[in-house]
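Residue strings, one per chain:
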Amino acid sequence: MRYYVLVKILAVTTIILSVIGFTLVYLHLILGYDVIKYITGSVEYRREEEVKIVGSGSIIYLPLPVFKGNMSLEEAILHRRSIREYRKESLTLHQLSQLLWAAQGITEVRWGFRASPSAGATYPLEIYVVVGNNGVKGLVSGVYRYQPHSHSLVLVKKGDVREELYSACLNQEWVRDAPVVLVIAADYERTTRVYGERGIRYVHMEVGHVGQNIYLEATALGLGTVAVGAFYDDEVRVIIGASENHHPLYVMPVGIPVKPYEVTPQEIYNYIEMNRD
Ligand SMILES: Cc1cc2nc3c(=O)[nH]c(=O)nc-3n(C[C@H](O)[C@H](O)[C@H](O)COP(=O)(O)O)c2cc1C
């Protein structure tokens, strides 16, 4: 009798698990839903953001990014340097498009994964683009927010805010003098709701990935940038017109270097040799 009950429980459990399993496979393979992400909420978040952004202002569709450049990855790493002096020249929309794509652009089309890795694909980072007067050919001065899925900008605030940003960044002149300043801000909740406290650490790791991509893309385009971490968080947030849950983590001025950084492979080899026994 006991044996019969056990078999019955086992059979019912197997049927229930099979139904759940088939449903998950059906949703995932046939309908294309990432069930885990729906449970954790990350897909929902992405959609909310997109809808909110699209409804809030004028949209500029950026020129499509190109996936071949004039510099190898190794050359970009070799020639990357923090650059703090820029020529008084505008950037082109194409250059801005490349920088933003390298930072947070789409590199996978099933789920909309991006150029920089993100814990659980929660994508907590938002890129604000501060455009100075004549900062970008074809773009009026103001603050814009990058929308990765449509590779577009949405206008957040009109006018040149670099002078205010410079003062919020402890009077670092490169923030005032660059034609464009990228501000990377984080919505921690998107990651902490999945990973708890540990999510904070993940967000900080992610901003490093994005910052490095911007550095390397800038170098590959013949531009210069510097990762600025010294600023008054709340002042920067208000100046760029970000909501209270978007916390600025990096401010990255970008421009054409007055003096591009130069180094030869031979100099590096000599340095390494000199430090060998
Ligand atoms: C987290 C972090 C914060 C930084 N903050 C600033 C800053 O506020 N101002 C600045 O001019 N440079 C800043 N830098 C740039 C460093 O000074 C620079 O990376 C360092 O001098 C090494 O030079 P390199 O980037 O040319 O290799 C920061 C870099 C990092 C990684």
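Residues numbered from 1 in each chain as written. Predicted model: local features only at pLDDT ≥ 70, side-chain atom pairs only at ≥ 80, totals over all residues.

Helix and strand counts for the protein chain come out as 11 helices and 7 strands. By residue count, 36% of the 277 residues in the protein chain fall in the buried class. Considering only contacts within the protein chain whose residues lie at least 6 apart along the sequence, 72% involve residues at least 24 apart. (Helix = DSSP H or I, 4+ residues; strand = E, 2+ residues; numbered from the N terminus. Buried ≥ 20, exposed ≤ 12 C-beta atoms within 10 Å, placed from the backbone. Contact = placed C-beta atoms within 7 Å.)

Take the site of the ligand next. Close to the ligand lie R81, S82, R84, Q172, V226, A227, V228, G229 and A230. A per-class count over the shell around the ligand returns 4 nonpolar, 3 polar and 2 charged. (Near = placed C-beta within 6 Å. Nonpolar A, V, L, I, M, F, W, Y, C, P; charged D, E, K, R; others polar.)

Counting residues in each nonpolar core, the largest one holds 60 residues, and the members touching the most others are V129, V130 and V180. With near-sequence residues (within four places) excluded, V129 lies in contact with V143, Y144, Y146, L153, V180 and L182. (Core = buried A, V, L, I, M, F, W, Y, C linked by C-beta atoms within 7 Å.)

It is worth spelling out the sheet that holds strand β5 (residues 180-186) at this point. With antiparallel pairing, 7 strands are arranged side by side in an open sheet as β1-β4-β3-β2-β5-β7-β6. At either margin of the open sheet sits one strand with a lone partner, and together these are β1 (59-61) and β6 (224-225). Taken together, the 6 bridges between strand β3 (residues 142-147) and strand β4 (residues 152-158) define a ladder with antiparallel strand orientation. Bridge pairing links R145 to V154 in β4. Across the sheet, helix α5 (residues 93-104) is in contact with β2 (125-131), β3, β5 and β7 (247-255); its angle to β2 comes to roughly 160 degrees. (Pairing = 2+ DSSP bridges. Axes fitted to C-alpha atoms, helices over the stretch in contact; angles between N-to-C directions.)

For the rest of this paragraph, the subject is helix α9 (residues 198-220). At 3.6 residues per turn, the α-helix brings residues three or four places apart onto the same side. A rise of 1.5 Å per residue sets the reference length of α9, with its 23 residues, at 33 Å; its end C-alpha atoms lie 34 Å apart and thus fit the reference within 8%. Residues of α9 that are buried include every one of G199, V203, E206, V207, V210, G211, I214, Y215, E217, A218, T219 and A220, and no others. Positive phi appears at G222, one or two residues downstream of α9, with a value of about 80 degrees. (Expected span 1.5 Å × (residues − 1).)

This part is about the environment of G159. Among the structural elements, G159 can be located in the loop between β4 and α6 (162-168). Excluding residues that lie within four positions of it along the chain, G159 makes contacts with S141 and G142.

Here we come to the packing of α5 against α9. Contact geometry for α5 and α9: axes closest at 8 Å, N-to-C directions at 150 degrees. Judged by the sense of rotation from one axis to the other, the crossing of α5 with α9 is right-handed. Facing Q98, L99, A102, A103 and Q104 of α5, the residues of α9 in contact are V210, N213, I214, E217 and A218. The residue makeup of the contact of α5 with α9, split by class, is 6 nonpolar, 3 polar and 1 charged. (Left-handed = near helix turned anticlockwise from the far one by under 90°.)

Attention shifts here to unusual backbone geometry. Most peptide bonds are trans, and most residues other than glycine sit at a negative phi. Although it is not a glycine, H151 sits at a positive phi angle of roughly 45 degrees. Topologically, H151 is positioned in the loop between β3 and β4.

In this fold, G105 is placed in the loop between α5 and β2. Residues G105 and H149, 44 residues apart in the sequence, show an inter-C-alpha distance of 7.5 Å. Not counting residues within four places of it along the chain, the set of residues in contact with G105 comprises P65, L100, R114, A115, P148 and H151.

A word on the pairing of β5. The element β5 is extensively covered by neighbouring structure, given that 7 of its 7 residues are classed as buried. Burial along β5 is two-sided: the face carrying V180, L182, I184 and A186 and the face carrying V181, V183 and A185 are both buried. Looking at chain direction, β2 and β5 are connected through 7 bridges and run antiparallel. In the strand pairing of β5, L125 is matched with A186. Bridging between β5 and β7 involves 7 bridges; their strand directions are antiparallel. The residue bridging V183 from the neighbouring strand is V251, located in β7.

Okay, the pairing of β7 next. Taking burial as the measure, the 9 residues of β7 include 8 buried ones, the bulk of the element. Examined bridge by bridge, β6 and β7 share 2 bridges and lie antiparallel to one another. When the sheet's bridge partners are listed, G224 is paired in β7 with G255.

This part covers the confidence of the model for the protein chain. In the predicted model, the protein chain carries a mean pLDDT of 89, and 86% of its residues have values of at least 70. Note that pLDDT drops below 50 for residues 38-56; the model gives that stretch 23 contacts with residues more than four away or on any other chain. (pLDDT = per-residue confidence, 0-100.)

Below, the discussion takes up the environment of T225. Position of T225 among the secondary structure elements: in strand β6. Sequence separation of T225 and S82 is 143 residues, and the distance between their C-alpha atoms is 5.8 Å. Among all residues touching T225, those that are not within four sequence positions of it are I83, I214, Y215, A218, M252, P253 and V254.

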